[in-house]
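Coordinate analysis (summary)
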Amino acid sequence: MKPVYLRPKSLTETVSHYCPGCTHGISHRLVAEVIDELGIQSKTIGVASVGCSVFAYNYFEVDFQQAAHGRAPAVATGIKRVHPDKIVFTYQGDGDLASIGAAEIVHAAARGENITVIFINNAIYGMTGGQMAPTTLEGQVTTTSPSGRTHSVQGYPLKMSELIATIEGAYYVVRCSLHNPAHIARAKRAIKQAFENQIEGKGFSMVEVLSTCPTNWRMTPVEALKWVEQHMIPVYPLGEFKTGEGE
Amino acid sequence: MAEPILMKGNEAIAEAAIRAGCRFFFGYPITPQNEIPEYMSKRLPEVGGVFVQAESEVASINMVYGAAGAGARVMTSSSSPGISLMMEGISYLAGAELPCVIVNMSRGGPGLGGIQPSQADYFQATKGGGHGDYRLIVYGPSSVQEACDLMMKAFDVADKYRNPVMILGDGMIGQMMEPVVFKDDARESSISEKPWATTGNEGRKPNVITSIYLDPEVLDAHNWKLFRKYKAIEENEVMYQTYHEDDAEWFLVAYGTVARICMSVMEKMRKEGVKLGLIRPITLWPFPKAILRQVADKAKGFLCVEMSTGQMVEDVRLAVGGKAPVYFYGRTGGAVPLPRAIEKRVRDVIAGRDPVVTDYLEHNQGGGGK
Amino acid sequence: MDKRVVFNEAHCKSCELCVWICPKQIIHLKQELNPLGYRPAYVSDEDQEQCISCAMCARMCPDAVIEVFR
């Protein structure tokens, strides 16, 4: 029998702390598959953020730095400037990247830092127990928007890919989803492209990944995938927002 | 021996950092330290280094974190309000045990305060500032030459202990010009000597730079490990200078810019027969407790002079331990104590006109020197 | 017998995404618990024959539990 699918070598053997059905695990696996396929395991340095992915360094068999909340793009800048020949990626959630770290991601993009950003958007703060995120949908109930997010009170969801795509220094900005195997395959292609861009020195690449939080959404994992398709994608349309400088 | 060069403090400090092997600088403009990033933006590319003007002090210190974790000799500089913004990152650097050098050319606070020299950040620098149980190694230079020498030393000490080091200067040290000699020991940066750094895990298990330890037992052990390191620093790294320790009956205690003024006061008053000495802490943490405790056995009293409402004086009192009275004189907000004001204060103290508990405000009005 | 689909049962969290996505509907949860306290996903020996090795289960699995052979 020949293998059709094997566990990526760039993942450690550790059981993740993620809740059952959380698509963080899928994103991790895709990043690890890409690292394996590009043969860059021994030259990759990851930056973990604050939120559910705070322990990302336990799950990747590569060097890692754990950054303060929102500061992963600044930490990645420091690493990449010291080791321009190494592959540096951040792995950040929506609270980290779109809220407290909004300045750091915008300016890393503006500088055209030659790094890869994996941005997990699940429309909620997972680690702290389901509070409203900058990406929470209008009407979505969270523990700090108990009547549902209302734009007159809590403002509108922040569309980071659209925002970052307006920045001249950003080379590649794409939004994808993990709600079924076909979209997972597309997400992997996007992640691979984002790493290849860095290898080729093309500059700042960000892959926004629409993800689930079954626990804090109060749904089964399957219901959560369907919720992404039915409710998140209409607000956060999928696709490439920028492919190449100045486009 | 190299010839002395006349240089502005900020620029001299920047040059010293480069000669110490620093090749990475991340910073954000703020007065009165702008000559440091300006100098670095020109010089670092000449020596194969990297200068990045960050979007904020918050980003600067986190770029320092990344570069330090990647094994580089790295620094940033700022002034009081900017240093406050860096406190989160400094706590992370201390927690993750990353070596780096942070220059604080401090200015008057609180809040936006002013831009003139101040020593009001002593507590922030020496007692933490950020969250958690950590210490910075803090140097308080009192001349441009000393600032340069300490800058060179700071990178070595930071690497030796894997700990952030702060140079606590002030607008005066940064802005004045003095002759400086750069000792001829320019070094390369020493990335290869840091086996813990994240450089890509070629041929080894992955390295992780982190400060999160959710298991209380593990975090407790980590904190006591840091504590033992701080103990070793207290044992090995204390620096101070004493003047007329042998015959002095009364001691001024001051650091940085104020120590220079106190030195003039001391020399003038000694000529008039006053047995006055000076103790000048060079490391503000670790604080030179032992020498103060030692001279307290024979001293009639101490007068601590600062550009604050009284911060280092608390450490002086702790060190003296009640063996002799400790008086205080301070100016704030950019006002620099005048020699004649300090002299009057010394005479008041010696004449017994000044109780230990002092009404600072009344005494300080009009500069206290009229 | 060579299995087409192999589960690392100790790492499974019973999320059932594989159960949901399997086009042959041959993945089920065991009655007994794994060391994590979850009922691991599995394919019975007789159902292995029906597996078409499409690997959708493996690509859907958040915990990298599944390996697939043909």
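Residues numbered from 1 in each chain as written. Chains lettered and ligands numbered in written order. Predicted model: local features only at pLDDT ≥ 70, side-chain atom pairs only at ≥ 80, totals over all residues. Heavy atoms only, no water.

Looking at the overall build of chain A
Quick reminder of the rule: By definition, any uninterrupted DSSP run of H or I lasting at least four residues is a helix, any uninterrupted run of E lasting at least two residues is a strand, and each is numbered from the N terminus. Think of it in three bands: with a 1.4 Å probe and only protein chains considered, a residue is buried below 20% of the maximum accessible area for its type, exposed above 50%, and partly exposed in between. Contact criterion: two residues are considered in contact whenever any of their non-hydrogen atoms come within 4.5 Å of each other. Surface accessibility in these figures is a Shrake-Rupley result with a 1.4 Å probe; residues are shielded only by whichever protein chains are displayed. Residues scored as positive are Lys and Arg, those scored as negative are Asp and Glu, and His as well as the terminal groups of each chain are ignored. In plain terms, the charge of a residue is placed at NZ if it is Lys, CZ if Arg, CG if Asp and CD if Glu.
Secondary structure summary: chain A contains nine helices and eight strands in total. The principal-axis extent of the C-alpha atoms belonging to chain A is close to 50 × 50 × 30 Å. For chain A, the proportion of its 247 residues judged to be buried stands at 63%. Excluding contacts between residues fewer than 6 apart, the proportion of contacts in chain A whose partners are at least 24 apart in sequence is 68%. Carbon and sulfur atoms make up 54% of the accessible area of chain A, which amounts to about 8200 Å² in all. Of note, chain A has its 21 positive side-chain charges centred 3 Å away from the centre of its 22 negative side-chain charges.

Description of the packing of aromatic side chains
We count it as follows: Ring pairs shown here join Phe, Tyr and Trp side chains whose ring centres sit within 6.5 Å, with only the six-membered ring taken for Trp; geometry is labelled stacked below 30 degrees between planes, edge-to-face above 60, and tilted in between. Two conditions define a charge located above a ring, namely a distance within 6 Å from the ring centre to NZ of Lys or CZ of Arg, and an angle within 35 degrees of the ring normal.
Across all of its chains, the model carries 13 aromatic pairs over all chains by this definition. An angle of 55 degrees between the planes, with centres 5.8 Å apart, marks the rings of Tyr18 of chain A and Tyr59 of chain A as tilted. With Tyr18 of chain A in the loop between β1 (3-5) and α1 (24-38) and Tyr59 of chain A in the loop between β2 (44-48) and β3 (63-66), this pair connects stretches of sequence that are 41 residues apart. Here Tyr18 of chain A falls in the buried class, since its relative accessible area comes to 4%. Under the relative-accessibility criterion, Tyr59 of chain A is labelled buried at 5%. Among the aromatic residues, those joined into a cluster by ring pairs are Phe60, Phe64, Phe89 and Phe195 of chain A. Here the basic side chain of Arg162 of chain B rests over the ring of Trp196 of chain B, its NZ or CZ set 4.0 Å away from the ring centre.

What to know about the side chain of Ser10 of chain A
Residues and elements named next belong to chain A. Put simply, the rule is: Within 3.5 Å is the distance limit for a polar contact, defined as a pair of N or O atoms, with the added protein rule that one can donate a hydrogen and the other accept it, and that residues adjacent in sequence qualify only through two side-chain atoms.
Within the element layout of this structure, Ser10 appears in the loop between β1 and α1. Reaching out from Ser10, the side chain makes a polar contact with the side chain of Asp36 at a distance of 2.5 Å. With near-sequence residues (within four places) excluded, Ser10 lies in contact with Ala32, Ile35, Asp36, Gln41, Tyr59, Phe60 and Glu61.

Digging into the side chain of Arg175 of chain A
Residue and element names in this part refer to chain A. Position of Arg175 relative to the elements: it lies in strand β6 (residues 170-177). Relative accessible area serves as the criterion here: at 1%, Arg175 is assigned to the buried category. Side chain to side chain, Arg175 and Glu162 meet in a polar contact 2.6 Å long. Ignoring any residue separated from it by four or fewer positions in sequence, one finds Arg175 in contact with Lys159, Met160, Ser161, Glu162, Glu208, Leu210, Tyr236, Pro237, Leu238, Gly239 and Phe241.

Coordinates in, geometry out; function isn't part of it.
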